[in-house]
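# Results of the structural survey
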Amino acid sequence: MEKTEFYSYIFKRKSIRNYDLTPIDDVTLKEISEYLNSLKPIYDDIKTELKIVSHDHVKRRMMKEAPHYIAVFSEVKKGYLTNIGYMLQQADLFLSANGFGSCWQGIPAPTSELLNSSSLEFIIFIAFGKPKDPGSLHRTSISEFKRKPLGEITDITGADELLEVARIAPSATNSQPWFFTGNKGIIHAYSVKPGFIKRFMVKKYIPIDVGIAICHLKIAAEHFGKKAEIVFDKTAKMNNHKGHEYIASLKME
Ligand SMILES: Cc1cc2nc3c(=O)[nH]c(=O)nc-3n(C[C@H](O)[C@H](O)[C@H](O)COP(=O)(O)O)c2cc1C
């Protein structure tokens, strides 16, 4: 399996919910597992554990069955949920680029056996496998993304080609709870409170969503030949833009 350049898959990926339930062969699963061990974190002092499990370990709660799941565990530390979003979005793109469907799944719960199998906190599942309809794996046009327009998620001008990848990033219930300020050299990512009803459903997932968007931004910056680094900017933290919560910044040279 290839770790290809992910940039183009940002524009093709989509959540897959209908799977061919035939298990993926062991050699391929091992390659996926090896890739999971190489995911880059934002914060390398936060312990994480990623396990590939079958549906026997998942209480699906109405969600359709998938042949495999990544069970995601993390140490609970400042920034841990954003870190998980950033890390596992690399897996989402890797799977999509290699012909597999995947879907972040916050609704299912782990069985008690799975929960007790790690000393870290259970965070979320990502379902994956071959899509039932192979033709459904990728989007073929940007118009297939149901997303807010760029003007609603940023006040930065002149960096549309970068911000576009954050705009089309996946988020829980598609709430797109992010806002970006700054300039071409540094993009500050903030989380936004979603509407009243969604707020209760997705609160835990908001920092994960922003981590996903930051992952897309970093991939795009590198695609355009920039050296990109995720930093914590004290001024951006002080200027909590319109009451949004500051998460992190992407500094580019
Ligand atoms: C943190 C997170 C949790 C999610 N949980 C679920 C879920 O439990 N069930 C589901 O069907 N989709 C879930 N999704 C998928 C979103 O609904 C999906 O990403 C969003 O609607 C955008 O669609 P797309 O991924 O096809 O671009 C989740 C996504 C994220 C990022």
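Description of the structure in this document. Bear in mind that the values here come from a model prediction, so they are computed numbers and not experimental data. (Residues numbered from 1 in each chain as written. Predicted model: local features only at pLDDT ≥ 70, side-chain atom pairs only at ≥ 80, totals over all residues. Heavy atoms only, no water.)

## Things to note about the sheet that holds strand β10 (residues 245-252)
Hydrogen bonds between backbone atoms are what pair the strands of a sheet, whose relative direction is either parallel or antiparallel. Put simply, the rule is: When DSSP finds at least two bridges between two strands, those strands are taken to pair. Secondary structure counts use DSSP, requiring at least four H or I residues in a row for a helix and at least two E residues in a row for a strand, with both numbered from the N terminus. To obtain an axis, a line is fitted to C-alpha atoms, over the contacting stretch when the element is a helix, and the angle between two such axes runs from 0 to 180 degrees between their N-to-C directions.
With respect to topology, four strands assemble into an open sheet ordered β7-β8-β10-β9, the strand pairing being antiparallel. Two strands close off the open sheet at either side, each with one partner strand: β7 (178-182) and β9 (228-231). Pairwise comparison of adjacent strand axes, ignoring direction, gives a mean angle of 25° for this sheet. Looking at chain direction, strand β8 (residues 186-191) and β10 are connected through six bridges and run antiparallel. Residue I187 lies in a different strand from β10, and its bridge partner there is L250.

## Quick word on the pairing of β8
Inclusion rule: Burial here depends on accessible area, computed with a 1.4 Å probe over protein chains only, as a share of the maximum for the residue type. Under 20% is buried, over 50% is exposed, and the range in between is partly exposed.
The buried fraction of β8 is high, at six of six residues. Of the two faces of β8, the one lined by I186, H188 and Y190 and the one lined by I187, A189 and S191 are each fully buried. Relative to β8, β7 runs antiparallel, the two being bridged by five bridges. The residue bridging F179 from the neighbouring strand is Y190, located in β8.

## Some remarks on the site of the ligand
Quick reminder of the rule: Residues are labelled near a given molecule or strand when at least one of their non-hydrogen atoms is within 4 Å of it. Pairs of N or O atoms within 3.5 Å make up the polar contacts considered here, provided that, within protein, one atom can donate a hydrogen while the other can accept it, and that residues adjacent in sequence are counted only when both atoms are side-chain atoms. In the scheme used here, Gly and all other residues not listed as nonpolar or charged are polar, with Ala, Val, Leu, Ile, Met, Phe, Trp, Tyr, Cys and Pro taken as nonpolar and Asp, Glu, Lys and Arg as charged. Note: domain ranges come from an automatic or database domain assignment.
Taken together, 22 residues form the shell around the ligand, and within it R13, S15, R17, I107 and R147 come nearest. One of the side-chain N or O atoms of R17 is found 2.6 Å from an oxygen atom in the ligand. Contacts to the ligand include I107, whose backbone N or O atom sits 2.9 Å from an oxygen atom. Only β4 (101-105) and α7 (206-223) provide two or more residues apiece to the shell around the ligand. Counted by class, the shell around the ligand contains 10 nonpolar, six polar and six charged residues. When residues of the shell around the ligand are assigned to domains, at least three fall in each of domain 1 (7-136) and domain 2 (146-252).

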